[in-house]
Amino acid sequence: MKRNPRDLEGAHRKLSRRALLLGGLQLGVAGALAARMRYLQVDQADQFRLLAEENRINIRLLAPARGEIFDRNGTTLAHNSPSYRIIIVPEDAGDVDEVISKLSRLITLSPEDVERALAEMRRSPPFLPITLADQLTWEDISKVAVNAPALPGITPEVGLTRIYPQQSDFAHVVGYVGPVSDYDLSKLDTPDPILRIPRFQIGKVGFEAKREDVLRGTAGAKRVEVNATGRVMRELDRKEGQAGADMQLAVDADLQHYTQARLGSESAAVVVVDCDNGDLRAIASAPSFDPNLFVRGISVADYRQLTDDPYRPLANKTVQGTYPPGSAFKMVTSLAALEEGLIGPEDTVWCPGHLEVSGRRFHCWKRAGHGHVDLNTALKQSCDVYYYDLAIKVGIDKISAMANRLGLGIRHDLPMSAVASGLAPNREWKSRVRGQDWLVGDTVNVSIGQGFMLASPLQLAVMTARLATGRRITPRLVKSIDGIEQPSGVGEQMGLNENNLRMVRRGMYSVSNDRRGTGYRSRIIAEGLRMGGKSGTSQVRNITAAERAAGVISNKDLPWERRDHALYVCFAPFDKPKYAISVIVEHGGGGSTAAAPIARDVMLQALYNGTPPLEAYPKGDRSRIKAQQERLERERIKRSQNQDSDRA
């Protein structure tokens, strides 16, 4: 059948339109794809290149070197030492148990370290390095390096760790560092990323913790190339961090060592303040502990031994411990009354051995009494009745205000852990805290440093320095930071009447140098170095009327924890004070017998800047002092040899 030419022509035109439409659509799609490709490859090239780099390159933090700590003479108190460790990468090791077994035949691996490493492997990606052993010797590292081909996945590394070469001498002052814990991180709102570096060490207690901000330094960084699974392929570059600041403390390492050795096995504390500038020349708490035990985690047995010790070696008694100061507080009551014009140097009080106040009998330490007593005699013989009478005249608010003025009941701002405020109570305090009215009997108790009154050895040393100089001495622990001298604690004049201060000082001189003074047996006899002091005995138990009638039980016949605390404060030389010292011996008994000899010995060591001549001591003490000096010298030599061996 023959088609109509017109029909053929119409079909051809219809086909051409379809082809044109289809071609146009194809061209449009191709154009859109081309435009999109241009947008991605040209316009957005920089952004996608950055994304690709971020997938390929990681930034990793580098731990900075921690700032070192020195004493005032440059003796090292804390420094960084190379620490050799063994790293294992589980995926490179293959059979981890077999590799660890081979390694244990070369070096000693503690079961605790192995178990910790295996636990860390179970919760970490297999390509991450895990510390298997730390603090190894060079010999151990050498063995591992020589046998490296037989130990797949094992790598010896070197890092830095904290060392405290003075060991127990500065444990309570410098403190120690340790690995960052989850608890440490929980205390921070925005933790520094550097704290998440494995095994990174931060200050835990003491100066290390309080000045973490300047000791830590700032992290460095390195760029490493990683593959798709995050495994490091190579290091591209690195920028080292900034080391922490080096800190120089005001303490004298030699004096601190002598003081710790002199305290021996006592539960005690000593603080030495430089009267010229407030520098803490020694601040010793006994017994102490070796802070090196804590750097990588102390064992359960060692920690239990410290916590179970009734003498509390972990507590810093110098700033944390607060005690009733006993008769060492009597200068405060004296000065408060003198400044108010309520007494003169020749005014006397009759002491029959007790005083009746509001129907209650307050006893003097001397049962038979002291008779007629003036200010100098009251300080020299530590008459309690004199101060009972004085306290009623002056009132608690004036006594409390004078205590604050002399540095008691005030928290001194030092970079040490748990610095206590103590307590110089008054009427407002008892009403606010106890919800009770202040009683006259409360004032009587506080007048001799008992009752609610509490002070730390640091505060008592500051009080003594202020009495000795008339200036508002403030204690200084940090001497310089990276060589920049820190503000002095010299203080301005307190505005106290100099004649009144002289009377109080003269009483303290009599305590130490008059034959009837409570501190006479622990005097200094070297000319020009005479000492002014005051003993104190702080009761820790109530004495019943029945016991007093039968005779007060002697301290030596009581269990240790029920004996009185022994205190002594002093300054020397008397005519030009250089040092002020406070001593407390917990449950030591009498201040004149237990604390005064320690104070005198430490004072002489400070004044002579080393071992004093025997002629500075009373003749009766010289044989004991000579034996003590010889023993301490042997210990010093042995200690020095041990430190040289450790460095080697």
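Shown above is the structure to which this text applies.
Quick summary incoming for the structure in this document. (Residues numbered from 1 in each chain as written. Predicted model: local features only at pLDDT ≥ 70, side-chain atom pairs only at ≥ 80, totals over all residues. Heavy atoms only, no water.)

Further remarks concern the overall build of the protein. Each helix and strand counted, the protein has 23 helices and 21 strands in total. Counting only residues that meet the buried cut, the protein has 47% of its 648 residues in that class. For the protein, the proportion of contacts with a sequence separation of at least 24, taken over those separated by at least 6, is 71%. As displayed, the protein offers around 32,100 Å² of accessible surface, 51% of which is attributable to carbon and sulfur atoms. (Helix = DSSP H or I, 4+ residues; strand = E, 2+ residues; numbered from the N terminus. Buried < 20%, exposed > 50% of the residue type's maximum accessible area, 1.4 Å probe, protein only. Contact = heavy atoms within 4.5 Å. Areas by Shrake-Rupley, 256 points an atom, 1.4 Å probe, with all protein chains shown as cover.)

Below, the discussion takes up the environment of Thr-537. Secondary-structure assignment places Thr-537 in strand 19 (residues 532-538). In this structure the C-alpha to C-alpha distance between Thr-537 and Ile-584, which are 47 residues apart in sequence, comes to 9.5 Å. Contact partners of Thr-537, with chain neighbours within four places excluded, come to Gly-326, Ser-327, Gln-450, Asp-564, His-565, Gly-589, Gly-590 and Gly-591. Reaching out from Thr-537, the side chain makes a polar contact with the backbone nitrogen of Gly-591 at a distance of 3.2 Å. (Polar contact = N/O pair within 3.5 Å; in protein donor to acceptor, adjacent residues only side chain to side chain.)

In this structure the tally under the stated criterion is 35 salt bridges. With a shortest N-O distance of 2.9 Å, Arg-162 and Glu-208 are connected by a salt bridge. With a gap of 46 residues between them, Arg-162 in strand 5 (residues 154-163) and Glu-208 in helix 9 (residues 206-210) connect regions that are remote in the sequence. Glu-208 gets classed as buried once you look at its relative accessible area, which sits at 0%. Notably, a salt bridge pairs Arg-502 with Glu-498, separated by 4.0 Å at the nearest N-O pair. Of this pair, Arg-502 and Glu-498 both sit in helix 20 (residues 498-513), four residues apart, roughly one helical turn. (Salt bridge = Lys/Arg side-chain N within 4 Å of Asp/Glu carboxyl O.)

Turning to helix 4 (residues 96-104), a few remarks are in order. All of the buried residues along helix 4 are Val-96, Val-99, Ile-100 and Leu-103. Buried residues in helix 4, looked at end-on, bunch into an arc of 100°, giving them a common side. Where helix 4 is buried, its residues touch strand 3 (76-88), helix 3 (90-93), helix 5 (111-122), strand 4 (130-136), helix 6 (138-146) and strand 5. At the N-terminal end of helix 4, a side-chain oxygen is found 3.3 Å from the backbone nitrogen of Asp-97, two or three residues along, and the residue is Asp-95. (Arc of directions from axis to C-beta.)

This next bit is on the state of the cysteines. Under the defined criterion, the tally for this structure stands at zero disulfides. Free cysteine Cys-351: the closest other cysteine sulfur is in Cys-383, separated by 3.6 Å. What makes Cys-383 buried here is its relative accessible area of 1%. (Disulfide = S-S within 2.5 Å.)

Structurally, Gln-260 can be placed in helix 11 (residues 253-263). Not counting residues up to four positions away in its chain, the partners in contact with Gln-260 are Ser-168, Asp-169, Ala-284, Ser-285, Ala-286 and Ser-288.

Next up on the list: the nonpolar core. Ranked by size, the top nonpolar core spans 97 residues in total, and within it Leu-249, Tyr-386, Leu-406, Leu-408, Met-463, Leu-467 and Leu-477 carry the most contacts. Broken down by element, the residue count for this core peaks at eight residues, all from helix 19 (residues 457-469). Once residues lying within four places of it in the same chain are set aside, the contact partners of Leu-249 are Ile-69, Phe-70, Asp-71, Arg-72, Leu-77, Val-173, Val-174, Phe-207, Leu-477, Val-478 and Lys-479. The next biggest cluster of nonpolar side chains, apart from the first, holds 36 residues, and it includes Ala-282, Ala-572, Tyr-579 and Ala-595. (Core = buried A, V, L, I, M, F, W, Y, C linked by side-chain atoms within 4.5 Å.)

To continue, consider the packing of helix 13 (residues 330-339) against helix 20. Put simply, helix 13 and helix 20 touch, their axes get as near as 9 Å, and they point 150° apart. Judged by the angle between their axes, helix 13 and helix 20 are roughly antiparallel. Considering the relative orientation of helix 13 and helix 20, their crossing is right-handed. Contacts between helix 13 and helix 20 involve Met-331, Ser-334, Leu-335, Leu-338 and Glu-339 on the former and, on the latter, Asn-500, Leu-501, Met-503, Val-504 and Met-508. Among the residues forming the contact of helix 13 with helix 20, the class breakdown is seven nonpolar, two polar and one charged. (Axes fitted to C-alpha atoms, helices over the stretch in contact; angles between N-to-C directions. Parallel < 35°, antiparallel > 145°, perpendicular 65-115°, else oblique. Left-handed = near helix turned anticlockwise from the far one by under 90°. Nonpolar A, V, L, I, M, F, W, Y, C, P; charged D, E, K, R; others polar.)

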